[in-house]
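Descriptive structure summary
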Amino acid sequence: MTYDIQPAGSHYIDGAYVEDTAGAEIPVIYAATGARIATLHAATPAIVEQALAAAERAQAEWAKLSPRERGRVLTRAAAIMRERNHDLSVLETYDTGKPLQETLVADATSGSDALEYFGGLAASLTGEHIPLGEDWVYTIREPLGVCVGIGAWNYPTQIACWKAAPALACGNAMVFKPSETTPLCALKVAEILTEAGAPAGLFNVVQGMGEVGAALVTDPRVAKVSLTGSMPTGRKVYAAAADGMKHVTMELGGKSPMLVFDDADLDNAGGGAILGNFYSSGQICSNGTRVFVQKGIKEAFLARLSERLKGAVIGDPLDEATSFGPMVSERQMTLVQGFIEKGIAEGARLVTGGKRLDRDGWYLEPTVFADVTDDMTIAREEIFGPVMSVLDFDTEEEAIARANATEYGLSAGVFTSDLSRGHRVIGQLRAGSCFINSYNDAPVEAPFGGVKMSGVGRENSKAAIDHWSQMKSVYVRMGDVEAPF
Ligand code: NAD
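Residues numbered from 1 in each chain as written. Predicted model: local features only at pLDDT ≥ 70, side-chain atom pairs only at ≥ 80, totals over all residues. Heavy atoms only, no water.

**Comments concerning the sheet that holds strand β14 (residues 349–352)**
- Across the sheet, seven strands lie side by side as β14-β15-β16-β13-β12-β17-β18; this open sheet has mixed pairing. Two strands bound the open sheet, and with one partner strand each, they are β14 and β18 (433–436). Ignoring which end each strand starts from, the neighbouring axes of this sheet average 20° apart.
- Relative to strand β16 (residues 387–393), strand β15 (residues 367–370) runs parallel, the two sharing three bridges. Opposite F369, over in β16, you have S389 as the bridge partner.
- The strands that helix α10 (residues 266–278) touches are β12 (257–260), β13 (290–294), β15, β16 and β17 (411–415); relative to β16, the one it contacts most, it runs at about 140°.
- Running at roughly 45° to β14, helix α11 (residues 298–309) makes contact with β12, β13, β14, β15 and β16 of the sheet. (Pairing = 2+ DSSP bridges. Helix = DSSP H or I, 4+ residues; strand = E, 2+ residues; numbered from the N terminus. Axes fitted to C-alpha atoms, helices over the stretch in contact; angles between N-to-C directions. Contact = heavy atoms within 4.5 Å.)

**Topic: the sheet that holds strand β6 (residues 135–143)**
- One open sheet holds the three strands; their spatial order is β5-β6-β20, and the pairing between them is antiparallel. Only two strands of the sheet have a single neighbouring strand rather than two, namely β5 (129–132) and β20 (469–476). Each strand of the sheet is rotated relative to its neighbour by a mean of 20°, with strand direction disregarded.
- Inspection of the sheet shows β6 paired to β20 by eight bridges, in the antiparallel sense. The partner of W136 across the bridge, within β20, is V476.

**Notes on the layout of surface pockets**
- Space inside the largest pocket adds up to approximately 1,200 Å³.
- Lining the largest pocket are 42 residues, with W153, G229, S230, T233 and R331 positioned closest to its centre.
- Of all the elements in the fold, those that place two or more residues in the lining of the largest pocket are α8 (210–218), β10 (222–228), α9 (231–243) and α12 (330–345).
- Of the residues forming the lining of the largest pocket, the biggest block, six residues, is contributed by α9.
- Of the residues assigned to the lining of the largest pocket, the class counts are 18 nonpolar, 14 polar and 10 charged. (1 Å grid on protein atoms, 1.4 Å probe; cavity = no way out; pocket = protein on both sides within 12 Å on 5 of 7 lines; lining within 4 Å. Points joined across faces, edges and corners; volume = space filled by probe spheres on them. Nonpolar A, V, L, I, M, F, W, Y, C, P; charged D, E, K, R; others polar.)

**A short note on the packing of helix α14 (residues 396–404) against helix α15 (residues 419–428)**
- Packing of α14 against α15 brings their axes to within 10 Å, and their N-to-C directions diverge by 35°. Handedness of the α14/α15 crossing: right-handed. On α15, the residues that touch E396, I400 and N404 of α14 are R421, R424, V425 and Q428.
- Its residues assigned to classes, the contact of α14 with α15 shows two nonpolar, two polar and three charged. (Left-handed = near helix turned anticlockwise from the far one by under 90°.)

Rendered as structure tokens:
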């Protein structure tokens, strides 16, 4: 890799790296070995101030450009990101521990898709003309202003790009705070945007824990907050943003259902369940962690699944043959181990996995529980690790009711060879991002986001534009004003 893992500064503000060692230390730990690979510092109030001031200045200039010019910067950034995919993927692997086999195809690639998509869309973002007889109204799509993005640790490049691309396309500036667990990748996004021609200050990165996020969210200069994180954090951030009447997008957690009917193609359903539970070691918000399997095929499904899990290549994430890596941190591994213990204690049947691997780093085996019931902790709470719960059901009606019996509503999937059933069932599942005979695809062209406690707003697609811009309407009277007195 040509990148140094230790960045030239902890923060990226006004087009350059900045350091302030007065901020609390943020150690960057490589999940595959447990070794410290870099040390960054949390933003002090002075750093937060610098970032917001830079964003405010840059936004005023950026909004004056034609949308096509703005789009060109994003498209150029997309191309640079794609050219550097290999190095960016290696850095993503160091930041998160995810296998290179995944990061090469899912991170900088997905980030550049977003930059390219919103870069292309920028020039077509317009208002409308509304005729009212002689008078008329026209609308102007305006930016919101200075926006704050706050990221989770599972997809640091993708999250930064999914927020920055539509925000910048709409004429906003951004201050982005990555998760303190994975602070490296967003800095590269900032560097690339500068290189592509973004004005200094347009996209700034500041590091820190929750307090830094909270300082950004409550600043009166900030017009919008987009958070990717857990539901409890979402509650706090949404409430803080509401106090300042700010716009929000909340991309939060889930406990999503995957329904496998007895007419499903078992290999496809097994593949979907593997992707939806073990990709990124299960650290994906939209995962289908409650796999409802119709009773008649339950044992065949489990047997096929156990067989396929033997094919997982667990090991060094930098080896491209590795298909399953460590958990992001020791803390996350310990949390997940706690859930596995609860699953066993509450009577679920451990079909496979369940143990920590005897090697350095934070490795857990891919774990499958069967005979899980709706009241068990592992069926109710988001685990965010490689733990699949298999539940069984008799009828379609029952499966839908049980699938919906959760406070979350991020994703849902159905596997069946009966197309009408596929659409009928998805129509009744209360979730934002759904799949028929597939799982966890997230193309930038499709809206992504949850219902219920999984969040508000949508990322990606044309739908995101409404969450990063606002309409001004202008009434134009062609005749005289008639006043009563
Ligand atoms: P987290 O909620 O602990 O932290 C998310 C971010 O919020 C971090 O950057 C953190 O520093 C910041 N934060 C914490 N307290 C804050 C506060 N009071 N004010 C402002 N910012 C604050 O989440 P995590 O552990 O980093 O990530 C895992 C969670 O993220 C899971 O629940 C997962 O489902 C969710 N997630 C959701 C999506 C999605 O798009 N829906 C994607 C990835 C992850």
